[in-house]
Amino acid sequence: MEGVTQNFNQLYKEYHNRSFLFARSLVHVNEIAEDITSEALIVLWERIKIETVLSPKSFLFRVIKNKALDYLKHQKVRRRIVESLDDWEGKELQLRIDSLEKMDEDIIFSKEIKEIVLRSLDSLPERTREVFVLSREHQQSGKEIAEQLGITVKGVEYHMTKTLKTLSFSLKDYLVVS
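Conventions adopted
- Residues numbered from 1 in each chain as written.
- Predicted model: local features only at pLDDT ≥ 70, side-chain atom pairs only at ≥ 80, totals over all residues.
- Heavy atoms only, no water.
- Salt bridge = Lys/Arg side-chain N within 4 Å of Asp/Glu carboxyl O.
- Helix = DSSP H or I, 4+ residues; strand = E, 2+ residues; numbered from the N terminus.
- Buried < 20%, exposed > 50% of the residue type's maximum accessible area, 1.4 Å probe, protein only.
- Contact = heavy atoms within 4.5 Å.
- Core = buried A, V, L, I, M, F, W, Y, C linked by side-chain atoms within 4.5 Å.
- Polar contact = N/O pair within 3.5 Å; in protein donor to acceptor, adjacent residues only side chain to side chain.

J.: Sorry if this is basic, but what is going on with the pattern of salt bridges here?
T.: Between side chains of opposite charge, a pair can form when the charged atoms approach closely. As enumerated under the stated definition, the model contains six salt bridges in all. Put simply, Glu83 and Arg79 hold a salt bridge, and the shortest N to O gap is 3.3 Å. Here Glu83 pairs with Arg79, and both are found in helix H3 (residues 56-102), just four residues apart, close to one helical turn. Glu83 sits in the partly exposed class, given a relative accessible area of 43%. For Arg79, a relative accessible area of 57% puts it in the exposed group.

J.: What am I meant to see in the side chain of Ser135 here?
T.: Positionally, Ser135 belongs in helix H5 (residues 126-136). Contact partners of Ser135, with chain neighbours within four places excluded, come to Gln140, Ile145 and Met160.

J.: Quick question: what am I supposed to make of the nonpolar core here?
T.: Among the nonpolar cores identified, the biggest contains 18 residues, and Val27, Ile36, Leu44, Leu60 and Ile64 are the most heavily contacted of them. Elements represented by at least two residues in this core include exactly helix H1 (2-27), helix H2 (30-50) and H3. Setting aside residues up to four positions removed in sequence, Leu60 forms contacts with Tyr15, Ser19, Ala40, Leu41 and Leu44. Ala146, Leu149, Met160 and Leu167 belong to the second-largest nonpolar core, a separate cluster that totals 11 residues.

J.: Got a minute to help me understand the side chain of His159 in this structure?
T.: Along the chain, His159 turns up in helix H7 (residues 153-170). On the basis of relative accessible area, His159 is assigned to the buried category, the value being 13%. Here the side chain of His159 touches Thr128 through a polar contact of 2.8 Å, side chain to side chain. Leave out the neighbours within four places in its chain, and His159 touches Arg127, Thr128, Val131 and Ile151.

As far as function goes, none of this settles anything; it's purely spatial.
So, in structure tokens, the structure goes:
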């Protein structure tokens, strides 16, 4: 076994430096060139153990060339995938930007606003809420509401003012100030 190890060490010493330089000239990355060189030397060593290799240097350089070619092809495919992902991410980002630009805030907040309005109206005294509903939902005038509820027009105005102040406070985060 020692003779086999010694023979590999001799092979390594004889071919490693030139093989590494050749591999690096092909792949331009020291770590990858070292891996390719080591793998190629092992392939050469395995071949030498089973048959006579007439030109170890040529054999080694052919193995290095093929491994470098495999690596470069893999890098090309990898780059294409990364570019494709970048392109997809760019399109997805643009779609999100377009969606946000076209988004109608009224639609987004309408359900939330309705819930806030209903809670605010529920918190009001019954008469105040009744005046507001008759005014806004039934489209009655102040005079009509006053007659129907048996209160003065000033009373209707008081209840409407109270409701609008409550709603204004509850919806302050949604109101646009110009």
